[in-house]
Structures are given as structure tokens and as C-alpha cells.
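Chain by chain, the residues run as shown.
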Amino acid sequence: MPFEREEFGPVFVQEPHDAVFALDSEEKKVMMSCEARGNPVPVYSWFINGTVVETENRYSLIDGNLIITNASETADYGRYQCKAENSYGTVLSRDALLQFAYLGSFSGRMRGGVSVREGQGVVLMCTPPPHSPEIMYSWVFNEFPLFVAEDSRRFISQVTGNLYVSKVQPSDVGSYICLVKNTVTNARVLSPPTPLTLRTDGLMGEYEPKIEVHFPLSVPAARGVTVRLECFALGNPVPTITWRKMNGNIPKKARLRKSQAVLEIPNVQLEDSGTYECKAENPRGGTAFKGHIQVYTFPQWISTINDSQLDSGDQLHWECKATGKPRPTYRWLRNGEPLTPQSRVEMVNGELIIQKVQQADSGMYQCVAENKYGAIYCSAELKILASPPVFSPNPVRLIATLGKDMLLGCRPRASPKPRVTWRRGDRRIQPSRRIMLLRNNTLRIINSTRSDEGNYVCRAENQFGSAEMTAMLWVKEAMRVDLSPSRVEVTVGESVVLSCRVSHDPSLDVAFQWLLNQQPLNFQQEGGHFEYTQTQSSTVDLMIRSILLKHAGKYGCRAQTSADTVSAEAEVLVRGPPGPPGVVIVEEIKDTTATLSWSGGVDNHSPISSYNLQARSPFSLGWQTLRTEPVTGDMESAMAVELNPWVDYEFRVVASNAIGTGDPSAPSRGVRTKEAVPSVVPANVSGGNGRRHELVISWEPVSEEFQNGEGFGYIVAFRANGTRGWKEKMVTSADSTMYKYRDETFPPLTPFEVKVGVYNNKGDGPFSGVVTVYSAEGGEPPNPGPGRPRGYEVSYRKDSEQEESGNRKKTVGNETSMVLTGLEGNSMYLITVRGFNSIGQGPASTASTAKTKKDPPVQPPANLVWIQEGTNVSLNWDPVKSKDNESDVIGYKVLLSQEGRVHNQVMRTITPSAVLSLPEGGTYIIEVRALSEGGEGAISSQVRVLTSSGKTRLCASLSHHRYSCYLSQVSLG
């Protein structure tokens, strides 16, 4: 069957607009636009000034557009209106004004001259030719294009076109021509000249102002336009023009133009209405003029009417509302003709009421709101329905549940509304306590029983015919559902099964649906955590694997048959590590302590047992756990201690409960600890070498982390062995690693006691331990004899060995330094240097002595034990004890690397323990070495750590690459 479009009356898509047509245009045709949609397609006709336009001769239609050929102002000027109609009704468009633009010519007659006394005022008349619409005026002085310049003495009115000179001067004598310009066509014409001369019978004396140009007593203006008020006076001396608004202030947006002769108010609004006064004054007196601006507005719709379909005999009630100033009045049209009050028709203030509508009332209606400045139209279609009852052809089969109420609907399509009756078999159904007929013709059966089964017939009839609908009703057993367990508590990572079992009529199929917090469960989007299984036709299970915190909530099982829908709920409570604590606030910051506060996060159904405070700085390897007093789960503030002074820190808090350690809080704002006197001394203070009479002292610089404040530097103290007083020198650079002291008086290899201290702006810190450093040997490079040296040979041996058993090593080229390796620790060596070239070797230098430090410890750090809480690792090991022939242990180096990467991160500590905070989601290798003056000791066994959140592990190393761990959290599959 082909698709049939709905039929409806015409509705305007485009209505005609006001237009101005230039008569001198090369295009001699005018088009007034009009377009409407409707089914059937509308036909069009036009009116001019209320008279039908005959579409012949000069008038033609293209679709709904009116084409006027050889248009003329005499025949075609006026207001046009378009009418669109089809078989469902007629509508009228708004009217549109067609004007014609033209500019005539001035009369060719010569104009008489004007003769005035000097000082007298004069008005030169323009008397423009016929024109339409507005024109603009200017005046030419003597010859084109020399125009009259307007000022306080001369004014050209754009209303009259005249030139006003308040006080004539000798320079004004000449010929004046009025030039007018059409604002639409830009055409221009010039008037005949008007000569201006001075009389010879004396000067004009002073006189008071006389206003020659002023605005009307009443100035109507449409809201939003620009209003221009003119006011100019003749007088001697030249008058001054001022403006004011009576009983109010001139709007701030107003502008004064042409030496205050024009008051211009752009975008005029209702509040700009009022009485305005212009005043002209000179020393001889003053005069004033008042006029009223009345701002009006065109009608605008507030509410309009909509299409309506009513049954015959119903009441139609339409209302349209519009604003406007003056207040609009209303009239109604039906199919383009005025609607008048009748016995059934009432029209009051934009309301239309038609009682007991009839088929003859069908059609297109229009509400017209109008004031004296314009009219607006809105339209709607009224359809009166008239059809016999019709039911859907599909059979109606209904299944009720025992003991439940049942509704049998009866909704025929008919107009007017039909009378409805119900019967069962041949007997008409009479209302009773169990069976009721509702207002919408629905039959309601209360507390259904088996005896209610059968066929029910609904009969509908009106004056156009009748129809029947049969509904077949079955009554089945009620369905019951059980969801178990009804409440269950599980821990993150465990699994749980919810079982949903229903009892129902075996003749009906059951469909199941699972819900979480009343929303359907999407099995595909839950990453395999949910599994649906149907063990029997009446039983389904929901398994939740490796449950997450977000899976907590109320789970619903909904069972549905064609007769009934029932559901049950079970609550699943998930215990897990705590959520992140709230915002961390730094309440107080000192040099080595910080007092922090926070708000507790969710405990996820397992009470919070403790909090850990963590910090990171530019010098730390990630987040480090801070030392505090024990912070129990009921505390929300704590003091962190053993911070480094003058270091930028961020802090965060991590909560723990019996399940594990949760995610950390968001970091606090960055703060810097207060300054303090430095407490860490330089490491590896040593020295030697240098030039003759030089004492060279070197050390490892103190990291910025331990400088404790601004103005950090070093105090180098030294004295020759056996002397009492210390010499102290300040080294102001924090990055310095060496100090050289020169004194011609001490011999080579003089032993000195040396120590290096630290200071900053807060004061002096401690000194390092005292070490012995020898001054330079002072020898010059040995002379190899005649010829250019090719290199040097260094001979070295222990002082307990014979010279023949010593070792020799040659330089590359003429280098004058060398590093000797492979020496024995804690031994005194004798060293000589001699030069050589192609001829042979030169003499040996005087022997120098050097003592090596003790070897580093060969024992590696052992018995590594570490506790891993999520990404935090606390590491401990047995202290390394040096043997008599080994250097003393001064600390430990902890090396951290991520598996698969070469780059190591290093942390130093002076105690056999360390706390590391590692990024989540990686495998890390940790190794430990002892540090001594003789260098780094042997390396420990490796520790391999896999970071993940929410797990606590206690681990201990058993042997190299072997260790045992105990996991505090049990995961159930």
C-alpha cells in the first residue's frame, strides 16, 4: 500500500516584507514573496490595499510570488497581502508596504537674492523637489564641491533642508545651492543658486535668540531606532544651545552633534520616553522649546495558538497573547474572513471559545494582534473528527495472576467518543465489588480467580457505526522468587555466588535479568568478573569472581513471564583496604618536624588500624615513609620527625586496616622546612699531590639535601703535626671539593692534621674527623738528559721489598700524572720517576712515600629482611663488621634498579636499614654495599620486589637469589 502523507491546511513558510523599488532601476520588475506549505498544495492570490489583484496584464504569479512588471508609484504603491488556500482552509499573510524611490528635479526658475544686514540672522530655503523616500541635504557655497561647513553659527536641517545662519558675517556673502540626495538610489540634484548680499544701511544690533528649527511637540518613535531632535536659533551674539529632560536625566547613550543643535538617542527604549527641552541663550536673553518623545512598540507574541483535533460536540478554547505599546487589540479570522460573535462563538481579549463544535467549524483560524503601528498574525487548524469506532485487528490475549488485579483495556478509535459496553459470553457485565468499569472504559477485575477465565467482548458505538473487540483471559498461578544469600560479606579478591530460584506455572516460560543497584548488569563491560549460569529452567546463578570494591551494592534478580514480573534483592558488602584519606593539611612546619592533619577516608567495612605518613622531596627516590609516633586509626593528625631542614617536601597519608594498605591521599601543598645549622660533615676528607710548598686538601661535597640553609660553605682547618693552633680557611662555594694552601716555609711531604667543617647563615656546624695529609713532594718532572723526552717510567715497591722486585709502569707520551692500581691495602710504598727518550733513560727522582688505605670489607651485608606494604619497602640487614686489616664501615649504599633497565638509583644511609617507596606496577632489584674509607665493600644478595597495592609481605633472604615471603592477604578463587 503506498505511503499516504497526512493532509493539512496551509502554513506560511515565507511572508511578504516591506520593499522600496527604485523607479530608475534597469530591472523593471518588482517581486513580492510568499510561500506556504500544505497538503494539498496551496493556491495563492494577492490583495493590494484590500482589493484583489487580477493576475493579468502587468501582474503574474510564480508559485506564490507576485511579479509586477513596469511598476509605477501611481498604480502600484500600497499595502500587499498574500492569501494561501487549499481544501482544508485559507490563511492571510501579514501586509507589506511597497514604496517607490525617486528624486525629481528642482524648478528651473532663477531664485531671488537675499539681502541682510551684517549681524542679522537669515534662512535660505531649499524647497526640495518631489521625492520618495527620505533625502539628505547639504549646501554648496559658490561652486561645487565647496560645501557649507556647519558650526555654532550655521546649521542645515535634515527635516526642512533649509540653511540657517544665526548671525551673518561679510565672509558669508556669495551664492548658495541646495544639494539633495536620495538615500535609496543615491541620485543627486542641485537647486538654482540663491545669492546672499549685505545691505549697506548699517549693522544689525544685538538681539535675543529666536528658535527657527525645532522638533515637533510630539515625536513618536519605534523602540530600537535612533531618534534625532533638531534645535537651532537665530540671534546676535550667536546663541548657545543646551538640552535637558524634564523630570529625569538625558540617557547616557545620547550624543550631542552639530555644535549641540542635534540631540541623538540611539536604540531608543520605553524608559527614554518623556519631555525634552532645548534652550537657546545669548547675553540678550533666552528662549526654549519643549516636545515629547513617545516610544512605541510593534505587537510581539507572548503565546500563540496550536492545531487542534476535536470530536464533534467538544468545546474549542484558544487563547493568543501579545505585548505592544499601545496595548494590542485582537480579532479573529476563519479561512481569511472575519469571525464574528454568535450564539456558540465568543471572543474576548484574545480568547476564542466555540461551544459544541460542528463539522462546519473546521478550517484555518488566525489570531491578529494589532495596534496603530502594525499587526501580527498566528494561525492554527481546527479539525472536527467524525468516524465510526475501529479496533486494532490484532487479537487480544491476556494472562492474569491468581489473586492479583487485572485490567482489560478498550480503546477504539472513533469520533465522536463512542458509548462502550462489556459482556462475557451473551451476558452484559454489570459492575460489582470485584468488577468495575473505569472512566476510560477499562474493565478492572479485582483479586483474579480461575473462574474469571474466558472471553470478554467490548462493544463501542456512535452515530456513525459500531465495532467489537474480544479479549481472551487466562489466570495462572502467581510466581515467587527467592534470592540467596540475602546478605553476604566478602573480602576484595574473593568470589561469591548468588542463586536465584523461582516457582511458577509450568506452562509459562521465564526470563531472568540481573541488576546492580537497580541498573541492568552489563556482563561484557565488567572484565570477566561476572558469570551467569542457568542450572535449571527455574534457577539461575550469578558468580562474582575476584570481587572489587566497586562491586558492592544491592543485587536484584528479576523474573518475568507473560503473566507476571517479580524480583528479589540481596546485599553484597565488600571489605577491602581503606580508601585514600582526605585532604592533607600542613598545620605547622619547623626545621626537622612537620605537624600534619587529614580527614579519614572510607574504611571499606574493616576499621582503619593505622596511618603512615609519607613525604617526597627533590632528593628522595619517590615517596619515603616518615618516622612518627604510632598513628592509630582513630587519629587524624600526627607529627613527622627527622626531616631535613631547608628542604621542599610534599606529604601524603596512607591508611591500613586488617585487609591491607589502601591508596594514598592526594599530596599536600609543597612546603619547605625551616633553616638550621648544618649537621652533616663532608665525607672522604683527604689530599696530597700538588706543587712544591702546596698543601692540597680534598673532600666529597655535602649534598644540597643536607646543607640545611642558605649561605652554605666549608671551613677547612689544618695544622702541621706536633703544632697546637689550627689554621681555618672559609670556602664559600657549596660545590667546592678542594682547597690549596701554599707556604714556602714547610718542606715537601710535611704531614698535616686536617679536618673540614660546614657552616651556613644559621651558624657553624661540626667538623669531620681529623686525617693526616702530606704536603706536595715538590719535585719537578725529571730531566731525561739531552734530547726531547718521549715519556716517563714510574717505579714503585713496598718499603719492605728490594728494589729489584719493584714494579714499573710507563706513561703514554709526555703525561706527568698516573694512577697506580692493584696495590695492597694498608701498605707503605716507595715511588720514583725517570724520563726516557730514544737515547735512553735519565736519572731517577728522589723517592716519594705513600701509604694506601686499608681494604674495604670483604663481608657483604647479610640476612636481608624486608617488609613490603603495597609500594612501600622497609629494608633491614646485619651490620658489616670490619676486620683489623680492613677499613672501618662508615655507611651503606643501597642500589635500586627496575628489571630490564641499566640505570641505577642510589641511596646512602649510615644505619643498616632503609625505607623505599617504589612506583606501582613493576619489578625492582635492590642490592646493598658497605662503604668505607678504602672504598665500597662486597655486594649483598639481590632482593626482587614486585609492587602492587593492598598487599603486605614479610620477606627474608635465605641465600644468594633465594628468599622466603609470607603474604598477609589470602585470595580465594
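Here the structure is a predicted model, which means the values were calculated and not measured.

Criteria and thresholds
- Residues numbered from 1 in each chain as written.
- Predicted model: local features only at pLDDT ≥ 70, side-chain atom pairs only at ≥ 80, totals over all residues.
- Heavy atoms only, no water.
- Pairing = 2+ DSSP bridges.
- Helix = DSSP H or I, 4+ residues; strand = E, 2+ residues; numbered from the N terminus.
- Axes fitted to C-alpha atoms, helices over the stretch in contact; angles between N-to-C directions.
- Buried < 20%, exposed > 50% of the residue type's maximum accessible area, 1.4 Å probe, protein only.
- Polar contact = N/O pair within 3.5 Å; in protein donor to acceptor, adjacent residues only side chain to side chain.
- Contact = heavy atoms within 4.5 Å.

(A) Quick look at the sheet that holds strand β16 (residues 154-156). Strands sit in the order β13-β17-β16 across an open sheet of 3 strands; the sheet is antiparallel. Each having just a single partner strand, β13 (122-124) and β16 make up the two edges of the open sheet. Taken pair by pair, the neighbouring strands of this sheet meet at an average axis angle of 15 degrees, ignoring direction. Note: β16 against strand β17 (residues 163-165), 3 bridges, orientation antiparallel. Bridge assignment links Phe 155 to a residue of β17, and that residue is Tyr 164.

(B) The arrangement of the sheet that holds strand β69 (residues 738-742) in detail. The strand order β65-β66-β69 describes an open sheet built from 3 strands, whose pairing is antiparallel. Both edges of this open sheet fall to β65 (683-687) and β69, since each of them pairs with a single strand only. For this sheet, the mean inter-axis angle between neighbouring strands, taken without regard to orientation, is 15 degrees. Here strand β66 (residues 694-700) runs beside β69; their pairing, made up of 5 bridges, is antiparallel.

(C) A look at the side chain of Thr 750. One can find Thr 750 in the loop between β69 and β70 (751-760). A relative accessible area of 13% places Thr 750 in the buried class. Here the side chain of Thr 750 touches Pro 747 through a polar contact of 2.5 Å, landing on its backbone oxygen. Leave out the neighbours within four places in its chain, and Thr 750 touches Val 773, Tyr 774 and Ser 775.

(D) Structural view of unusual backbone geometry. With an omega of -10 degrees, the peptide bond between Ser 132 and Pro 133 qualifies as cis. Assignment of secondary structure puts Pro 133 in the loop between β14 (131-132) and β15 (135-141). For the bond running from Phe 144 to Pro 145, omega is 5 degrees, close enough to zero to count as cis. Along the polypeptide, Pro 145 turns up in the loop between β15 and β16. Look at Gln 518: it is not a glycine, yet its phi comes out positive at around 70 degrees. Along the chain, the position of Gln 518 falls in the loop between β51 (511-516) and β52 (519-520). Assessed through its relative accessible area of 63%, Gln 518 is described here as exposed. For Leu 749, which is not glycine, the phi torsion reads 60 degrees and is therefore positive.

(E) A look at the environment of Gly 690. Mapped onto the elements of the fold, Gly 690 is located in the loop between β65 and β66. Counting along the chain gives 52 residues from Gly 690 to Arg 742, while the straight-line C-alpha distance between them is 9.8 Å. Apart from residues lying up to four places away in sequence, Gly 690 is in contact with Val 696 and Ala 776.

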